[in-house]
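Overview (structure and organization)
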Amino acid sequence: MASSGERYVCRLSPELQEKAARELNEHAETRATFIDTLRAKTKTRPDIKFCSDDAFLLRFLRARKFDVDKAFHNLVRYYEVRKEFPQVFDNLYPSSVKHVLDQEMTCLLQAKDKNGAFVAINRLGKWEPSKCEYTDVARLSVIGGEKMLESEELQIVGVSVILDFDGLAPKHGAYLLPSNARLIMTILQSVLPLRYKAMHYVNTPPLFETGFKIWKTFMNDKMKERVHLHGDRIESLTEHIPSSSLPCEYGGTLPETSIHCQKYAQDLFSWGDIYAKKNAGYGIIKPQDTLGGTVSSIDPSGGLVGSFKKLDVYFIY
């Protein structure tokens, strides 16, 4: 089954191709077959209008190491979660989170850790609850993740995140709510097809301990294994990330984080229209009149059992 768009053409360096083969089970000889198999599975969910471009489907295969069933489950969740959390996924444009970006909380560095993963920074202590809701912060996480996925190299090498809690105070109590922990961990672990290679928690105050216990209950085993708690020992970051890849506040030689946050915001704004146009019209389809009155069931792998007479689309972008 061919894509309605152009077939994927690999332009990865030999080194990245070798890494993808070794770590993700991606091989040039079978790549197209896996993409076609995943695309065929989307036909089992007529209630979702999928983007079926090769490059888009390949993101999910890479994230799940070319296990088609797991990739399909991830793909289905990618769309389903938009209906579960409309307060985050409605209005998914960079312009909708300008007030969050202005707080200079987050950025992606064009630098890598010692294992070759890109480095991102999230300064949660900079969040000003009086200026934006936690759902706005979560929306920025989604938009930022989508921007990261535009890079094939990042899809393969993954990203390591520095979570800086300097400035965390009682006003950030919403961050500790189990509902917010579940929301953000759902996005990180089962929606965006990103490879999170490490989570570095730094400048963690006593308040953090309570919150982390809550968050940890929503982490899968793999995520738990990749957590590094540094406390106020900023210098220990260099055990994982070279100083040449860290801003000066974290013991590195790069310019201060605010400069990277400003550039990151500019990159998101310039990319926003391209993103919206590329993804317009895909999403959950609302069954107005099924043959049996209701959708009968969904199989364990994400496939839908039932047929439709009339369909409307919930546009997600």
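Now for a look at the structure at hand.

Parameters and conventions
- Residues numbered from 1 in each chain as written.
- Predicted model: local features only at pLDDT ≥ 70, side-chain atom pairs only at ≥ 80, totals over all residues.
- Heavy atoms only, no water.
- Helix = DSSP H or I, 4+ residues; strand = E, 2+ residues; numbered from the N terminus.
- Buried < 20%, exposed > 50% of the residue type's maximum accessible area, 1.4 Å probe, protein only.
- Contact = heavy atoms within 4.5 Å.
- Areas by Shrake-Rupley, 256 points an atom, 1.4 Å probe, with all protein chains shown as cover.
- Axes fitted to C-alpha atoms, helices over the stretch in contact; angles between N-to-C directions.
- Parallel < 35°, antiparallel > 145°, perpendicular 65-115°, else oblique.
- Left-handed = near helix turned anticlockwise from the far one by under 90°.
- Phe/Tyr/Trp six-rings, centres within 6.5 Å; stacked < 30°, edge-to-face > 60°.
- Salt bridge = Lys/Arg side-chain N within 4 Å of Asp/Glu carboxyl O.
- Pairing = 2+ DSSP bridges.
- Expected span 1.5 Å × (residues − 1).
- Bend = angle between axes of the 7 residues up to and from the residue.

What follows covers the overall build of the protein chain. Regarding its fold elements, the protein chain presents 12 helices and 10 strands. Out of the 317 residues belonging to the protein chain, those deemed buried represent 51%. In the protein chain, of all internal contacts separated by at least 6 residues, the share reaching a separation of at least 24 is 75%. Approximately 14600 Å² of the protein chain is accessible, and the part contributed by carbon and sulfur atoms is 51%.

This part covers the packing of helix H3 (residues 54-63) against helix H4 (residues 68-84). Closest axis-to-axis distance for the H3/H4 pair is 8 Å, and the angle between their directions is 120°. The angle between H3 and H4 places the two elements in the oblique class. When the axes of H3 and H4 are compared, the crossing they make is right-handed. Across the interface between the two elements, Phe56, Leu57, Phe60, Leu61 and Ala63 from H3 touch Val68, Ala71, Asn74, Leu75, Tyr78 and Tyr79 from H4.

Here we take up the packing of aromatic side chains. Under the counting rule described, the total for this entry stands at 11 aromatic pairs. An angle of 80° between the planes, with centres 5.4 Å apart, marks the rings of Phe60 and Tyr78 as edge-to-face. One end of the pair, Phe60, is in helix H3; the other, Tyr78, is in helix H4, and 18 residues separate them in sequence. For Phe60, a relative accessible area of 0% corresponds to the buried category. A relative accessible area of 1% means that Tyr78 is categorised as buried.

Time to look at the pattern of salt bridges. Charged atoms that come close allow side chains of opposite charge to pair. Enumeration according to the criterion identifies 25 salt bridges in this entry. Taking the shortest distance from any N to any O, the salt bridge between Lys19 and Glu23 comes out at 2.8 Å. Taken as a pair, Lys19 and Glu23 lie in helix H1 (residues 14-24) at a separation of 4 residues, close to a single helical turn. Lys19 gets classed as buried once you look at its relative accessible area, which sits at 14%. Residue classification places Glu23 among the partly exposed residues on the basis of a relative accessible area of 24%.

Burial runs high along strand E4 (residues 159-164): 6 of the 6 residues are buried. Bridge count between strand E3 (residues 118-123) and E4: 6 bridges; the pairing is parallel. Each bridged residue has a counterpart across the sheet, and for Phe118 the counterpart in E4 is Val159. Direction of pairing for E4 relative to strand E5 (residues 196-202): parallel, over a ladder of 6 bridges. Note on E5: the bridge partner recorded for Val159 is Tyr196.

A separate point is the packing of helix H2 (residues 31-41) against H3. At their nearest, the axes of H2 and H3 sit 10 Å apart, and the two run at 95° to each other. Comparing the axis directions of H2 and H3 gives the class roughly perpendicular. Along the contact surface, H2 presents Arg31, Phe34, Ile35, Leu38 and Arg39, while H3 presents Asp54, Leu57, Leu58 and Leu61.

Regular strands have side chains that alternate between both faces of the sheet. Counting buried residues in E5 gives 6 out of 7 residues, a clear majority hidden from the surface. Inspection of the sheet shows E5 paired to strand E6 (residues 227-231) by 4 bridges, in the parallel sense. Within E6, the position partnered with Val202 by the bridge is Gly231.

In this model helix H9 (residues 178-191) runs 18 Å from its N-terminal to its C-terminal C-alpha over 14 residues, within 8% of the 20 Å that 1.5 Å per residue would give. Maximum bend of H9: about 25°, positioned at Met185. With 10 of 14 residues buried, H9 lies mostly within the body of the structure.

The next point concerns the environment of Ala32. Inspection of the secondary structure puts Ala32 in helix H2. When the C-alpha atoms of Ala32 and Asp54 are compared, they prove to be 8.2 Å apart, with 22 residues separating the residues in sequence.

Here we take up the sheet that holds E3. Pairing is mixed across the open sheet formed by 5 strands, whose spatial order is E2-E3-E4-E5-E6. This sheet does not close on itself; its edge strands, each paired only once, are strand E2 (106-112) and E6. Across the sheet, the mean angle separating the axes of adjacent strands is 20° when strand polarity is ignored. Bridging between E2 and E3 involves 5 bridges; their strand directions are antiparallel. Within E3, the position partnered with Lys112 by the bridge is Phe118. Contacts from helix H12 (residues 257-279) reach E2 and E3 within the one sheet, and its direction differs from that of E2 by about 105°.

Interpretation in functional terms is not warranted from these geometric data alone.
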